[in-house]
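Examination of the molecular architecture
Residue strings, one per chain:
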Amino acid sequence: MKANYGHFDDAATAYVITNPQPPRPWINYLGNRRLRAFVSQNAGGLLWHMEPYSRRITRYHYTAAPGDRPGFYLYVRDRRTGAVWNPHFAPTCTALDAFECRHRPGVTEFIARKDGVEVCLTLGIPPEDDVLLWQVRVRNTGLVPADLQLVNFLEFGLLEFMREALGWCYLKNQFELRYDPELGAIRYNYHVFEAPFSPAMLIGCSEKISGWECSREAFIGKAGSYESPCALRAGAELSNSDLPLGGHACAVQGVNLHLEPGAEKSLGFTFALADKWPQAEELIRKYQSAAAVAAGITAIDAFWTARLKPTVVDTGDAQVDRMVNTWIPYNCMVALDLARTISTDHMGTDGLRYRDTTQDAMAVANMDPAFALQRMRQVFASQTPDGGGCFAFFPDDPRPIRDTPRRCDNTVWQIYTIHNLIAETGDLRLLEEMIPYRDNSSGTVYEHIMKGLVYIYERRGPNGLPTLYHADWNDSLALFGDEHAESVMLGMQMVYSCKLFLDVARRCNHPADVAWCERVIAELTAILNSDKVWDGRWYRRLLFSNGKVLGSAANRQGRIYLNPQSWSVLSGVGDFENRGQMAMDAAAEMLDSDCGLRILMPPFKGIPEPEDPPLGSNPGIGENGGIFSHANTWAIMAECLLGNGNRAWKYFRQILPEVVSDRFGADHYEREPYVFVSSIIGPVSNRFGEGGISWLTGTANWMHIAMLQYILGIRPTLDGLQIKPCLPDAVPAATVKRTYRGKTYCINLRRQDGKTTYTCQ
Ligand code: GLC
């Protein structure tokens, strides 16, 4: 029987985990784009400020067993029986009478009951203030009085993650923690030599505390564990340890409670961070009452309700609607905020990647244009003055821009996002905004985009297609080690980019650029339809510098790749002799697994030939023949452009996390049923159906575009909102409420006799 770990609560925009031990930590993100955290169903998690490389506040053990420790803990101790439990089950793992973890945008709530005591712990970071709040509500639902001690726990590491790994022994005595009785809070004074950031940090409580610990050794004990802290064992009390000489630091505060049957009590704990002590103290005072902590949580809910409401879709398919209305937009916002930096998979050392962030900003442009623009300004500011992009940049820490490994597609994406952004807002003045290049010379947004396209175009190979360098969108193409190979996918993307840019160049009255775009489109389209690229039934993937090709029927592995087929349609290259349709038919036949399209078939056993040694991912995983979610999104869009609504809908539905999780069972799929994974292991593997990296993937943004702009067909253009739906037969009617340029439209779509019509109010 398939295990069940939880369910959606659509009315509360929540996912409710009812079994505290899913196969992996199922997390949520908290934060206000400055102070941020992730937190699992066991309150395992990590807190950081701005970015987790040099401003990481707490510890999280990625590779240790048991995993998902430590976090934002609340221990409940029954002072009469000595029983100790967590409303989030772990780390004590004491059996509970009732358990729910409710993840909703920006807030995670635990509701648990044991021996007649109900505890509701709500964690969140309010929009205005850099504080992490623990809102605690305790109710005695039993028949006898309860004597309890509530104890919170937070463990600190060095703010600089790599320096902790490399030099803990030298730096462990360069901070101190002490309880300040006057303020009623623990002061964490961080004075590590050469630290780029030494904030003022305080941990307070709304109540008079019965004891505290700043030393992890004092709380847990030298041979103790998070599971059974020695300060909570029978007969033990909190020892009021300060940590004046550094060491392993934590913040623990205990509150004693006596509750008569039926009585309840609300309280709060607060972690606060500021540049200087007076501001941090002000935050602690602001949240020194349970009511203020509760108001902080309410402010988070209000923030997210306002963010997620502008578009409301009703297709009659609950699994689709809950994703499109809540979880996809939320996933998009988180991915744009955090790029690929930190999760239970990513360890927080990467910055923002040029092409990933550009794509992540694309759908957010329709929900929160200001946020998308803020990110795009940072992308442009990392561009070289000759138009090249970079691999990664670090707007919030002092690391220099990284140029390697070199991705040839970096600057092809920016017009997609900027075009979508100005189509959303209608404000073409953005194109005239001056933004610096990384050497501090500057150019308009228009120039940044144009230079980026010219940069790719000028670096073509002998066949006239853009050169690969290390890789294009597909990182794994680097395994072939052919910098001079030419990329079919990027060639098609250039055609599409030039079509979008032409639209802009015309309006801005730049005839020379219009002519350049027209020439590039014609030239590349002809090459892409030549026999060098067209394989007879589909488009090839790479032209190697030694004359060989990848993605051809003649190849024994990597015979057909998904992306060139989808992009032939998106770019219009495949309009020629109806090749786009043929190519997508070949993809349907050879790549669709009924739970997602594989990125290529057959997977590589050895590189370049099957008899060569294996290199890179094992067959069926990730870019080596896995079901790469991000690449599926373009196939959905392509099928809509071809008018194949049924196929588009099938492709959209079958990779929804809830659908995949139900199909394979949560124990096998493993990952959260409410956010996307970057890829699912493909059918050649005996691990078929296992989910890969979750949350931080380009999938969410493109799935949003695929549903809103292609299947439902409500697409912002420079001329206004265009409606061109492509519904499947399975959806006879759908409605969309969409706010666009200040007006709210209610669009009713109907599917009848294979045709979709609409009315709009
Ligand atoms: C990962 C990377 C992304 C890349 C994709 C395909 O998602 O973050 O940059 O395009 O893999 O290789």
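Described in the following lines is the structure provided in the data block. These numbers come from a predicted model, not from an experiment.

Here is what the cut-offs are and how they apply
- Residues numbered from 1 in each chain as written.
- Predicted model: local features only at pLDDT ≥ 70, side-chain atom pairs only at ≥ 80, totals over all residues.
- Heavy atoms only, no water.
- Helix = DSSP H or I, 4+ residues; strand = E, 2+ residues; numbered from the N terminus.
- Expected span 1.5 Å × (residues − 1).
- Contact = heavy atoms within 4.5 Å.
- Axes fitted to C-alpha atoms, helices over the stretch in contact; angles between N-to-C directions.
- Parallel < 35°, antiparallel > 145°, perpendicular 65-115°, else oblique.
- Left-handed = near helix turned anticlockwise from the far one by under 90°.
- Nonpolar A, V, L, I, M, F, W, Y, C, P; charged D, E, K, R; others polar.
- Buried < 20%, exposed > 50% of the residue type's maximum accessible area, 1.4 Å probe, protein only.
- Polar contact = N/O pair within 3.5 Å; in protein donor to acceptor, adjacent residues only side chain to side chain.
- Phe/Tyr/Trp six-rings, centres within 6.5 Å; stacked < 30°, edge-to-face > 60°.
- Lys NZ or Arg CZ within 6 Å of the ring centre and 35° of its normal.
- Near = heavy atom within 4 Å.
- Areas by Shrake-Rupley, 256 points an atom, 1.4 Å probe, with all protein chains shown as cover.
- 1 Å grid on protein atoms, 1.4 Å probe; cavity = no way out; pocket = protein on both sides within 12 Å on 5 of 7 lines; lining within 4 Å.
- Points joined across faces, edges and corners; volume = space filled by probe spheres on them.
- Disulfide = S-S within 2.5 Å.
- Core = buried A, V, L, I, M, F, W, Y, C linked by side-chain atoms within 4.5 Å.
- Pairing = 2+ DSSP bridges.

Glancing now at helix α9 (residues 445–458). Between the first and last C-alpha of α9 there are 20 Å, a value that for 14 residues agrees with the 20 Å anticipated at 1.5 Å per step. Next to the buried residues of α9 lie α7 (369–381), α8 (414–425), β22 (434–436), β23 (442–444), α10 (488–507) and α11 (511–528).

Attention now goes to the packing of helix α5 (residues 318–338) against helix α18 (residues 699–711). Remark: α5 packs on α18, axes separated minimally by 9 Å, with the N-to-C direction vectors making an angle of 140°. As the angle between them shows, α5 and α18 are arranged oblique. Seen from above, α5 lies across α18 with left-handed handedness. Note on element contacts: α18 touches α5 through A700, N701, M703, H704, M707 and L708, opposite V320, V324, I328, P329, N331 and C332. Along the lines of polarity and charge, the residues of the contact of α5 with α18 split into 9 nonpolar, 3 polar and no charged.

Our next topic: the side chain of R671. In this structure, R671 sits in the loop between α17 (666–669) and β30 (679–680). Residue R671 is classed as buried on the basis of its relative accessible area of 1%. Of the polar contacts made by the side chain of R671, one reaches the backbone oxygen of G692; its length is 3.1 Å. Apart from the residues within four sequence positions on either side, R671 is in contact with R24, W26, T344, D345, V677, G691, G692, I693 and S694.

Okay, the packing of aromatic side chains next. Summed over all chains, the structure comprises 47 aromatic pairs. Measuring from ring centre to ring centre gives 6.1 Å for Y73 and Y75, while their planes differ by 85°; the resulting arrangement is edge-to-face. For the residue pair Y73 and Y75, the accessibility class agrees, reading buried in each case. Taking NZ or CZ as reference, R56 lies 3.6 Å from the ring centre of F161, over its face.

With respect to spatial proximity, the complete set of residues near the ligand consists of R340, R353, R355, D356, W473, N474, D475, E623 and F628. D356 places a side-chain nitrogen or oxygen 2.6 Å from an oxygen atom of the ligand. Here the ligand loses 90% of its free accessible area of 310 Å² to cover by the protein chains. Residue composition of the shell around the ligand, grouped by class: 2 nonpolar, 1 polar and 6 charged.

With that settled, the discussion passes to empty space enclosed by the protein. Think of a ball as big as a water molecule: rolled over the atoms, this probe shows where empty space is left. Under the definition given, this model contains 7 cavities of 30 Å³ or more. Empty space within the largest cavity amounts to approximately 170 Å³. If you trace the largest cavity, you find 17 residues lining it, with G31, R33, W304, V334 and D337 closest to the centre. Counting residues per element, the ones that place at least two in the lining of the largest cavity are β3 (28–31), β4 (35–39), α4 (290–308) and α5. The element contributing the most residues to the lining of the largest cavity is α5, with 5 residues. Of the pockets and cavities examined, the second largest cavity occupies roughly 140 Å³. Lining the second largest cavity are 17 residues; nearest its centre among them are M50, E51, T341, L352 and D396.

Enumeration according to the criterion identifies 0 disulfides in this entry. The thiol sulfur of C508 is not disulfide-bonded, and the nearest other cysteine sulfur, from C517, lies at 11 Å. Judged by relative accessible area, which is 18%, C508 ranks as buried.

Turning next to the nonpolar core. Judged by nonpolar contacts, the single largest core of 258 residues is most densely connected at F219 and F271. Of all the elements, α10 adds the most residues to this core, at 13 residues. When near neighbours in sequence (up to four residues on either side) are disregarded, F219 contacts Y75, V151, F153, E213, P229, C230, A231, L232, L238, C250 and V252.

Now for the environment of A302. Along the chain, A302 falls in helix α4. Residue class for A302 comes out partly exposed when judged on its relative accessible area of 46%. Separated by 176 residues in sequence, A302 and P126 have C-alpha atoms that sit 10.0 Å apart.

The next thing to look at is the sheet that holds strand β24 (residues 486–487). Strand order in the open sheet formed by 3 strands is β24-β25-β26, and the pairing between neighbours is antiparallel. A strand with exactly one partner marks an edge of an open sheet, and here the two such strands are β24 and β26 (549–550). Where strand β25 (residues 542–543) meets β26, 2 bridges bridge the pair, whose relative direction is antiparallel. In the strand pairing of β26, L542 is matched with L550.

All right, on to the pairing of strand β17 (residues 249–259) then. Counting buried positions along β17 gives 9 out of 11 residues, so the element sits mostly inside the fold. Where strand β16 (residues 211–215) and β17 come together, 4 bridges link them in antiparallel fashion. Within the sheet, the bridge partner assigned to E213 lies in β17 and is V252.

What follows is about the environment of I723. By the secondary structure assignment, I723 is in strand β32 (residues 720–723). Judged by relative accessible area, which is 15%, I723 ranks as buried. On a C-alpha basis, the gap between I723 and T757 in space is 9.6 Å, while along the polypeptide they are 34 residues apart.

Right, let's talk about unusual backbone geometry for a bit. The linkage connecting T404 with the following residue, P405, adopts the cis geometry, with an omega of -10°. Mapped onto the elements, P405 comes out in the loop between β21 (392–393) and α8. Residue P602 is reached from M601 by a cis peptide bond, and omega for that bond is -20°. By the element assignment, P602 lies in the loop between β28 (600–601) and β29 (627–628). Positive phi outside glycine occurs at C93, with the angle close to 60°.

Right, let's get into the pairing of strand β8 (residues 98–104). By the criterion of burial, β8 is predominantly enclosed, with 5 of the 7 residues buried. The pairing of strand β2 (residues 14–17) with β8 spans 3 bridges and is antiparallel. Its bridge partner lying in β8, Y15 is registered against H103. Inspection of the sheet shows β8 paired to strand β9 (residues 107–114) by 7 bridges, in the antiparallel sense.

In this section: the sheet that holds β4. Within the open sheet, the 3 strands sit side by side as β3-β4-β5. Their pairing is antiparallel. Here the strands that pair on one side only, and so sit at the sheet edges, are β3 and β5 (45–49). The average angle at which neighbouring strand axes cross in this sheet is 15°, direction not considered. Sheet topology places β3 next to β4; 4 bridges connect them, and they run antiparallel. Bridged to L30 within β4 is A37.

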